[in-house]
Amino acid sequence: MSGKTPTPSLKHLAKEADTLKKKLDKLQKECATVFNNPSASNRQDKLKRFYQDCVDMRNDMTDLNNRITKMTKADEPTKMSNFDSKKDDEVKRLTKMLDQVKEMEKKLEPDETEEDYYRKIKEELNSEEDGVDEDEEYEEEGEEEGEEEYTDEEGSYEEEDSEYEEEEVEEECEEEENGEDDSDIKVEPEYELLYDFVAQKKGDLEVKAGEIVILRSVRDDSWWVCENQNGETGLVPSNFLKPHVKYSDLMTEDDPQTPISPRTGKELWGSIKKALSETSATDVLHAFGAVPPGFRLPTSARLHSLNEKHTLLNYGAVKLSNSNLFYKDLFYNPATSKVRPRTARIQKVVTLLEAKNIPLPGEKVVVHSRLARLSLFDGSKFLSNIVTTLAHVTDKEGRNWRFLVKPTTLESSECFVRIAEPSNQIGILIELSVVFSKEGDPEKVSELSCGWAFKPMFEENGTLILNKEYDLMVNGGTPFEKDVEVDPSIARRTSSRFMSLLSRNKQPTLVIKTNAANNEQKERFDVLPSVVVGKVPYLHSMALYRHYLACVLLRDRDNLQSTEPVFEPFLAHFPQLLEMPDLTDLLLERWDLKLKSKSRTDRFTLLAKNAPSRDVEVLVNTLVSTFTEWIYPLMHAHLPTYKAGYPNSIKKRAELISAFKIKGEQKNTGLAAMLDPSIEYEPFDMKELSFSVNGPQCIAAV
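Q: Just to check I follow, could you spell out unusual backbone geometry for this structure?
A: Negative phi characterises most residues that are not glycine, and trans characterises most peptide bonds. Despite not being glycine, Ser 337 has its phi angle at roughly 60 degrees, a positive value. Of note, Ser 337 is situated in the loop between β6 (332–333) and β7 (338–339).

Q: Is there a simple way to explain the packing of aromatic side chains in this structure?
A: The relation between two aromatic rings is expressed through the spacing of the ring centres and the mutual angle of the planes. What the rule picks out here adds up to 15 aromatic pairs. Between Phe 197 and Phe 240 the ring centres are 6.1 Å apart and the planes differ by 75 degrees, which places this aromatic pair in the edge-to-face class. Placement of Phe 197 in the loop between β1 (190–193) and β2 (212–217) and of Phe 240 in the loop between β4 (233–237) and β5 (241–243) is noted, with a sequence separation of 43 residues between them. For the residue pair Phe 197 and Phe 240, the accessibility class agrees, reading buried in each case.

Q: Can you walk me through the environment of Asp 441 in this structure?
A: Looking at the secondary structure, you find Asp 441 in strand β14 (residues 441–456). What makes Asp 441 partly exposed here is its relative accessible area of 26%. The sequence separation of Asp 441 and Val 366 amounts to 75 residues, and the corresponding C-alpha distance is 9.4 Å.

Q: In this structure, what is going on with the sheet that holds β4? I would like to understand it.
A: What holds strands together in a sheet is hydrogen bonding between their backbones, with the strands either parallel or antiparallel. If you walk across this open sheet you meet the 5 strands as β4-β3-β2-β1-β5, and the pairing is antiparallel. With partners counted over all chains shown, the strands left at the sheet margins are β4 and β5, one partner each. Within the sheet, the average angular offset between the axes of one strand and its neighbour, ignoring direction, is 50 degrees.

Q: What is the right way to read the layout of surface pockets from this model?
A: The method is simple in principle: a probe with the dimensions of a water molecule rolls over the atoms, and the space it marks as empty is what remains. Of the pockets and cavities examined, the second largest pocket occupies roughly 740 Å³. Pro 407, Thr 408, Asp 585, Leu 588 and Glu 589 are the residues nearest the centre of the second largest pocket, which is lined by 29 residues in total. Elements supplying a minimum of two residues to the lining of the second largest pocket: α11 (519–525), α12 (539–555), α14 (581–596) and α17 (647–667). Looking at the lining of the second largest pocket element by element, the count peaks at 10 residues for α14.

Q: Help me understand the nonpolar core in this model?
A: Nonpolar side chains in soluble globular proteins generally cluster together in the buried interior. With 67 residues, the main nonpolar core has Met 542, Leu 553 and Phe 570 as its most contacted residues. Going through the elements one at a time, α12, α13 (569–577), α14, α16 (613–635) and α17 are the ones with two or more residues in this core. If sequence neighbours within four positions are ignored, Leu 553 has contacts with Val 318, Tyr 327, Leu 560, Val 566, Phe 691 and Val 693. Of all hydrophobic cores here, the second largest spans 38 residues; its members include Leu 376, Ala 453, Phe 458 and Leu 510.

Q: Just checking my understanding: could you explain the pairing of strand β16 (residues 509–516) for this structure?
A: On a regular strand, each side chain points to the face opposite its neighbour's, so the side chains alternate between the two faces of the sheet. Across 8 bridges, strand β8 (residues 346–356) lies against β16 in antiparallel orientation. Note on β16: the bridge partner recorded for Leu 352 is Ile 512. As judged from the 5 bridges shared by strand β15 (residues 469–473) and β16, these two strands associate in the antiparallel manner. What sits directly across from Met 473, in β16, is Thr 509.

Q: It is not clear to me how empty space enclosed by the protein should be interpreted in this structure. Could you clarify?
A: On inspection of all chains with the given rule, the structure shows 2 cavities of 30 Å³ or more. As for the largest cavity, its lining consists of Gly 316, Pro 529, Met 542, Tyr 545, Arg 546, Phe 574, Pro 575 and Leu 578. Of all the secondary-structure elements, those providing two or more residues to the lining of the largest cavity are α12 and α13. No other element matches α12, which puts 3 residues into the lining of the largest cavity. Tallied by class, the residues present in the lining of the largest cavity amount to 6 nonpolar, 1 polar and 1 charged. Reported here for the second largest cavity is a volume of approximately 30 Å³. Around the second largest cavity, the lining residues are Ile 358, Pro 359, Leu 360, Pro 361, Arg 370, Gly 398, Trp 401 and Val 434. Per-class residue counts for the lining of the second largest cavity are 6 nonpolar, 1 polar and 1 charged.

Q: Where do I start with the confidence of the model for the chain in this structure?
A: Detailed reading of the predicted coordinates is not advisable wherever pLDDT falls low. Scored by pLDDT, the chain has a mean of 77; 74% of the residues are at 70 or more. In this model residues 131–186 is a low-confidence stretch, pLDDT under 50, and it forms 41 contacts with partners more than four residues away in sequence or in other chains. Here residues 274–285 scores under 50 on pLDDT; set against residues more than four positions off or in separate chains, the count is 9 contacts.

Q: Hey, could you run me through the pattern of salt bridges in this one?
A: Working definition: two side chains of opposite charge can pair if their charged atoms are close together. One pass over the structure, following the stated rule, counts 20 salt bridges. When the shortest N-O distance is used, the salt bridge between Glu 481 and Arg 296 registers 3.2 Å. Residue Glu 481 is found in the loop between β15 and α10 (497–506), and its partner Arg 296 is found in the loop between α7 (281–287) and α8 (299–306); the two are separated by 185 residues along the sequence. Between Lys 661 and Glu 589 there is a salt bridge, with its nearest N and O atoms 2.8 Å apart. One end of the pair, Lys 661, is in helix α17; the other, Glu 589, is in helix α14, with 72 residues separating them in the sequence. Judged by its relative accessible area of 33%, Glu 589 is partly exposed. When salt bridges with common partners are traced through the structure, they connect Glu 16, Asp 63 and Arg 67 into a single cluster.

Q: What should I look at first to understand the pairing of strand β9 (residues 365–377) in this one?
A: Pairing geometry for β9 and strand β13 (residues 427–438), over 12 bridges, is antiparallel. Paired with Leu 376 across the two strands is Ile 428, which belongs to β13.

Q: Explanation requested: the side chain of Arg 373 in the structure shown.
A: Along the polypeptide, Arg 373 turns up in strand β9. Polar contacts involving the side chain of Arg 373 include one to the side chain of Thr 388, which spans 3.4 Å. When neighbours within four sequence positions are excluded, Arg 373 is seen to be in contact with Ser 300, Ala 301, Ile 386, Val 387, Thr 388, Leu 429, Ile 430, Glu 431, Ser 433, Glu 447 and Ala 644.

Q: I tried to follow the packing of α12 against α13 on my own but got confused; where do I start?
A: Packed helix pairs are specified by the crossing angle of their axes together with the interaxial distance, meaning the distance between the axes. Relative to each other, α12 and α13 sit at 145 degrees, their axes nearing to 11 Å. In the packing of α12 onto α13, the handedness of the crossing is left-handed. Across the interface between the two elements, Ser 541, Met 542, Tyr 545, Tyr 548, Leu 549 and Val 552 of α12 pack against Phe 570, Leu 571, Phe 574 and Pro 575 of α13. Classifying every residue of the contact of α12 with α13 gives 9 nonpolar, 1 polar and no charged.

Q: Help me understand the side chain of Thr 478 in this model?
A: When you line up the elements, Thr 478 lands in the loop between β15 and α10. Setting aside residues no more than four positions away along its own chain, Thr 478 makes contact with Asn 239, Arg 296, Thr 299 and Trp 452.

So, how was this worked out
- Residues numbered from 1 in each chain as written.
- Predicted model: local features only at pLDDT ≥ 70, side-chain atom pairs only at ≥ 80, totals over all residues.
- Heavy atoms only, no water.
- Helix = DSSP H or I, 4+ residues; strand = E, 2+ residues; numbered from the N terminus.
- Phe/Tyr/Trp six-rings, centres within 6.5 Å; stacked < 30°, edge-to-face > 60°.
- Buried < 20%, exposed > 50% of the residue type's maximum accessible area, 1.4 Å probe, protein only.
- Pairing = 2+ DSSP bridges.
- Axes fitted to C-alpha atoms, helices over the stretch in contact; angles between N-to-C directions.
- 1 Å grid on protein atoms, 1.4 Å probe; cavity = no way out; pocket = protein on both sides within 12 Å on 5 of 7 lines; lining within 4 Å.
- Points joined across faces, edges and corners; volume = space filled by probe spheres on them.
- Core = buried A, V, L, I, M, F, W, Y, C linked by side-chain atoms within 4.5 Å.
- Contact = heavy atoms within 4.5 Å.
- Nonpolar A, V, L, I, M, F, W, Y, C, P; charged D, E, K, R; others polar.
- pLDDT = per-residue confidence, 0-100.
- Salt bridge = Lys/Arg side-chain N within 4 Å of Asp/Glu carboxyl O.
- Polar contact = N/O pair within 3.5 Å; in protein donor to acceptor, adjacent residues only side chain to side chain.
- Left-handed = near helix turned anticlockwise from the far one by under 90°.

Okay, structure coming up:
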């Protein structure tokens, strides 16, 4: 019997290559984790270990590549078709893996000069502090023992040595400031802007999306002091920033980042001292348990209120084409006298059902309302307008929320999402928040995010998600933060399976349900903008608004190239109206009463599916007249700004709307209430009567 070792098959060698590939992927993720956290413990030791792992992996891959290259078809112990092509595929794969390992090895190669510089600066800073303490202790001992002469000599020697070291450090720092030091040391954190920010008052820093700024200081109100590349300093909302991380080329495709710009060693240690000496009020509150660690300022609410980009004023407006010569999402069909329908890949009804185990914001806090804000999100940016839903408490502690399906627009949890050309990363983002005030101070009302949940719209295989209920884990922090728990005291990862089940039942969760649109809803979906999120009670009126848009802009205009404003208050104000649920509820209520005043036969015909165009015209005209009579005057009354869930705003608006409604019902017309001296109105402006056919919302890209 021969003692020759049998030659391994190509299949066996391919399995070895698979094992090395898994090790490489794991090493890349570990590298990315350490690079993402500059303050990680033993960071330099971990980077050195990663470097050694790269060296070992490169040797293993080189050896395996040589074995496969030298292998011939005669060496293959089993018969295999396409041996040469499979061999070439394995060689190409190993060559690509070797290139990745070499690139990582090059980046991870330790810079001894840089490490020595860090160590030297750190030792000198520590020696200055330790030297002072030693001098004081030694002098005290010398006084007790009477060794004054020895202490003076030693002290003078140490003072001379300390002065010499201080002069040496100052010289090095001056060299760095003058550009004489070529060391590539990374310092102060840099951030990239996620969105455009327009300065609203003096002290704000106006920046553009994608711009890089340097963080100078952190404030407890989440407005951070930043410096742009021109040296201008000002306040920027922290939710508009995402950090830059160095070694971006080692990041995985799922977590791309951008590199930090190089800074000097002096600035590095200065920023470290500054960071250690500063503590924000939010950190103090978290440390004392005043609010759960995962709570933040609400991202969705601030984006919605900051400008019109994430409202229906933008996403509900008709959009112009790239040439600005015609509309790209609104077409009129003369044959049917209706808007030409346009299908979309995603058209779903999303119903919020309940939120469970949501922590309370803290002691001595009065919660006025609980809200959920829904939008489309792809992991890095918001892709639609934001809609708000009110929740109700179902237990005494206030930890479990219930959402209701009601005809009223604010309380209805039945929403719809529509997007024509989605990416595979897109999903539904729901951010939960509470509106609260401190005990004894009801005037100062604030809002705090309780966490967020995300449901991708596509499965891993690229198909749309099924229509069913989903239990979503509620994450802490902002949607741009990862691996933050709402309540870390309840560990998600436990040692035993039994404890894991118990922990799972205590975790904050959000229950939602997705449904396909029914035939009636689908007909209305098909005339909406390409990207929009809204409430199901809005759907019919939004479809009629789009029909009216097509009639005014495409059917009735003599010159389609004219850019003169159109005298149509309904077109000008309807998208803005949908951002005020109390006025929208009044519109739908009065519109329904007008329809009910018609005969039963006419009402059935008007609301029937596939109603004739003349009946659609009657519906539109009834809606427009209801708006003009009941809503248009109120939109120009001195109403407080609408803030969802804020009790003072909601109460004052409800009182004025109720008074207007009572006066109007007494005269059987809302216009009569305009003569009531108890209701004040804004000065008349011609702009409120005109609709711009090429306004900024029309030109702005979705």
